[in-house]
Amino acid sequence: MWFLEAGQFSTRAAHDRRLLPLWQERWALAAVLAVALGVVPFWGNDYWFSAILIPFLALSLAGLGLNLLTGYAGQLSLGSAAFMAAGAFAAYNAQLCLPGLPWWLGWGIGGLVAAALSVLFGLPSLRIKGFYLIVSTLAAQFLIPWALVKFSWFSHGSASGVITAPPLTVAGWDLSHPAGRYLLTLVTVLGLTWVAHNMVRSELGRQWMAVRDMDTAAAVIGISLPRAKLLAFAISGFYLGVAGALWAFAYLVTVEPHGFDLARSFQILFIVIIGGLGSVAGAFLGAAFIVLFPLALSNLAGALPNGWIDAGQLENLQKMAFGALIILVLIREPEGLASLWQRWRSRARRWPLRH
Amino acid sequence: MDFFAEVLIGGLLSGVMYSLVAIGFVLIYKASGVFNFAQGAMVLFGALTYVCLLEKGLPFWAALGVALAALLAMALAVERWVLRPLVNRPPITLFMATLGLAYLIEGGAQALWGAQVHALDLGIEDVPLDVAGLMVSRFDLFAAATAGGLVLALSLLFNRTRVGLSLRAVADDPLAAQAVGIRLPRVWAAVWGVAGLVALITGLMWGARLGVQFSLSLVVLKALPVLIIGGFSSVGGAIVGGLIVGASEKLAEVYVGPLVDGGIENWFPYLLATVLLLVRPAGLFGERPIERV
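Residues numbered from 1 in each chain as written. Chains lettered and ligands numbered in written order. Predicted model: local features only at pLDDT ≥ 70, side-chain atom pairs only at ≥ 80, totals over all residues. Heavy atoms only, no water.

As recorded in an unreviewed UniProt entry, chain B goes by Branched-chain amino acid ABC transporter permease and comes from Ideonella dechloratans. According to the UniProt record, the Sequence similarities (unreviewed entry) comment for chain B reads "Belongs to the binding-protein-dependent transport system permease family. LivHM subfamily." Under the UniProt heading Subcellular location (unreviewed entry), the note attached to chain B is "Cell membrane". (UniProt positions renumbered as here; feature names shortened; annotations may be inferred.)

In the nomenclature of an unreviewed UniProt entry, chain A is known as Branched-chain amino acid ABC transporter permease of Ideonella dechloratans. Here chain A is described in UniProt, under the heading Subcellular location (unreviewed entry), as follows: "Cell membrane".

Here it is, written out as structure tokens:
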């Protein structure tokens, strides 16, 4: 009853381009943002910030980056973690080489470097497509972390390859504590999400979708495939690079290449699959799921009588549950968790009547 | 020069081991168009089942039979619960489903048999054999002979039997094959079963080399550049691709590796494959698809 669309006509072009077309959705989003920005930083505890909220936001951004490339432009990539690593290390090096550089500019430089690398490894997409593209992204996945470990130049000769991130300050305020890092992450992710949301509804986004659905047809109707594909790689690389900088600076507070291995790339791919290919909200739903699912499972195992499931077995069961879940999602819900929202919407519209 | 030849031959022979993994891929790709990332997990599962049954005291043939039966049962289950519900979905969806399948099988194999390393002795001594002044590993030669036998058996299966004929028909055009009365689910189950057999053989070979452990499921990563170079749909291509990857990565490690402090074996095949793809987008032996709008 309260989710009626009746009467909410758009009479101006500006209305049509709105982020959320219905006032109920706008209010819901405003409420969520108000809670995330105004309530959570004061009420949450450090465990929530460091173990759940910051990784969730950083992974959401990474998922969003991959979704732009895979979900919208249709280019499969298994190298996401490598671009995150490139972003993290570039941001770190930028801050060391240019003392006094504000952190946000450093993160931006990290994103740009990751974007440049992403374009480089995306170049083969002009000649090849589909599964063959996996190999060039995997080349990035193995080459970049290898180079970061091998050449001490990237980590400034630090013996362990592990470096501590400089403090994060805004206008003299030190935001290095968990709540502050949460706020920085949140604001960064919100800004980039807003840009991405508008981008996928712009001409470029429509070009990407045309390329994804059939690139031959897209070329026939006059879309420049090289431009569309390379822009997809560049923008996706930028998002992944910033996500990597967030991961290193806001979450771990250290920069190290080992956290950016193939497993992380798969994790990001699963975020996109479970959340929903070709959906901005899906990246957030998928990331929430990926972060919360292992926690829920281990809590569940902890609630069982002692000795039912031992720690080693729990990991295997987690893996199995995860694999089964991916298959199940692909079979039952090919659009991912994001389509649940759509379905809920159409139900809420009729409530309390049923069909 | 001798050293070069030795490195080259060592590389070629280890490339044969990569080909073994790649053949399993090619089989499934040919018959169902699925890029099966779970092949590595199947290799792990087969080898682990075999080794653990052997350690439980089963005789050699019984353990082999049970492991094979387990893989066949898995093939049927995959066809029934993964492939059939996903029929007619885009290839990328099927690929992702095999990613999930890989997790499921890896987790299942380790939940069932534990995660410790098992030694596997196939009864072939790994003493170097002197061939015209060059030292060649006897085990590698055995692996090469096995791969050769496997390719021969598979080509006989494909070209001389009724099952093989229907496999090729399905690979060519699933709709037309269905129209003439070939049952797709059966063909899929058969081809996943054959891929399971190949996975078991691969697992035994790799397991004897590395020990049966989790890293067996990572051999799938070695097979990818092999496939790319050889083309997804050619068993012969998988062999040639394996040889190229094996030889080039060993040569690169020995001659280029020292310049950059080593460890390039992991990514060199991928770089090679990428460069090759820029020249020949469908691999050496792959067919270039014709597209209509």
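Asker: I tried to follow the overall build of chain B on my own but got confused; where do I start?
Answerer: Helices and strands together make up the secondary structure of chain B, namely 11 helices and two strands. Sequence-ordered secondary structure for chain B, helices as α and strands as β, is α-α-α-α-β-β-α-α-α-α-α-α-α. Computed over its C-alpha atoms, the radius of gyration of chain B comes to 19 Å, within 12% of the 19 Å expected for a compact globule of 293 residues. With respect to the principal axes defined by its C-alpha atoms, chain B has extents near 60 × 55 × 35 Å. Within chain B, buried positions represent 51% of all 293 residues. Pairs at least 24 residues apart make up 73% of the contacts formed inside chain B by residues separated by at least 6 positions. (Helix = DSSP H or I, 4+ residues; strand = E, 2+ residues; numbered from the N terminus. Rg over C-alpha atoms; globule rule 2.2 N^0.38 Å. Buried < 20%, exposed > 50% of the residue type's maximum accessible area, 1.4 Å probe, protein only. Contact = heavy atoms within 4.5 Å.)

Asker: Would you take a moment to explain the interface of chain B and chain A for this structure?
Answerer: The extent of an interface is frequently quoted as the accessible surface area lost upon association of the parts. Across the contact, 52 residues belong to chain B and 42 residues belong to chain A. Regarding the contact of chain B and chain A, the summed buried area is about 4,100 Å², with carbon and sulfur atoms giving 78% of it. Run the count over chain B and chain A and you get one salt bridge. Linking Lys 319 of chain A and Glu 106 of chain B is a salt bridge whose minimum nitrogen-to-oxygen distance equals 2.8 Å. On inspection of chain B and its partner chain A, the count reaches six residue pairs in polar contact (both at pLDDT 80 or more). Of all the secondary structure elements, the ones that give two or more residues to the side of chain B that touches chain A are α3 (60-83), α4 (91-113), α9 (219-230) and α11 (268-279) of chain B. Tallying contributions element by element places α4 of chain B first for the side of chain B that touches chain A, with 16 residues. Per-class residue counts for the side of chain B that touches chain A are 35 nonpolar, 11 polar and six charged. (Buried area = accessible area lost by both parts, 1.4 Å probe. Salt bridge = Lys/Arg side-chain N within 4 Å of Asp/Glu carboxyl O. Polar contact = N/O pair within 3.5 Å; in protein donor to acceptor, adjacent residues only side chain to side chain. Nonpolar A, V, L, I, M, F, W, Y, C, P; charged D, E, K, R; others polar.)

Asker: Help me understand the UniProt feature "transmembrane region" (unreviewed entry) in chain B, please; the structure alone is not making it clear to me.
Answerer: Residue and element names in this part refer to chain B. Residues annotated by UniProt as "transmembrane region" (unreviewed entry) correspond here to residues 7-28, 60-82, 94-113, 139-158, 187-207 and 219-247. Taken end to end, residues 94-113 is 100% helix and 0% strand, and its first and last C-alpha atoms sit 28 Å apart. Counted over residues 187-207, helix gives 100% and strand 0%. Its end C-alpha atoms are 29 Å apart.

Asker: Hey, could you run me through the side chain of His 118 of chain B in this one?
Answerer: All names here are of chain B. With respect to the helices, strands and loops of the structure, His 118 is situated in the loop between α4 and β1 (128-131). The class of His 118 is buried, set by a relative accessible area of 6%. In this structure the side chain of His 118 is engaged in a polar contact, spanning 3.0 Å, whose partner is the side chain of Glu 55.

Asker: Sorry, what's going on with the pattern of salt bridges here?
Answerer: Once the charged atoms of two side chains with opposite charge are near each other, the side chains can pair. Tallied over the entire structure, the rule returns seven salt bridges over all chains. Among the salt bridges present, the one from Arg 212 of chain A reaches Asp 213 of chain A, with a minimum N-O distance of 3.2 Å. For Arg 212 of chain A, a relative accessible area of 32% puts it in the partly exposed group. For Asp 213 of chain A, a relative accessible area of 57% puts it in the exposed group. Asp 215 of chain A is paired through a salt bridge with Lys 229 of chain A; the nearest N and O atoms lie 3.7 Å apart. Note that Asp 215 of chain A is positioned in helix α9 (residues 215-220) and Lys 229 of chain A in helix α10 (residues 225-252), a separation of 14 residues in sequence. An identical accessibility class is assigned to Asp 215 of chain A and Lys 229 of chain A; each is buried. Linked by salt bridges that have partners in common, Lys 222, Glu 249 and Lys 250 of chain B make up one network.

Asker: I'm lost on the environment of Phe 232 of chain B in this one. Help?
Answerer: Structurally, Phe 232 of chain B can be placed in the loop between α9 and α10 (235-255). Given the relative accessible area of 3%, Phe 232 of chain B is considered buried. With near-sequence residues (within four places) excluded, Phe 232 of chain B lies in contact with Phe 131 and Tyr 132 of chain A together with Val 26, Tyr 29, Phe 35 and Leu 227 of chain B.

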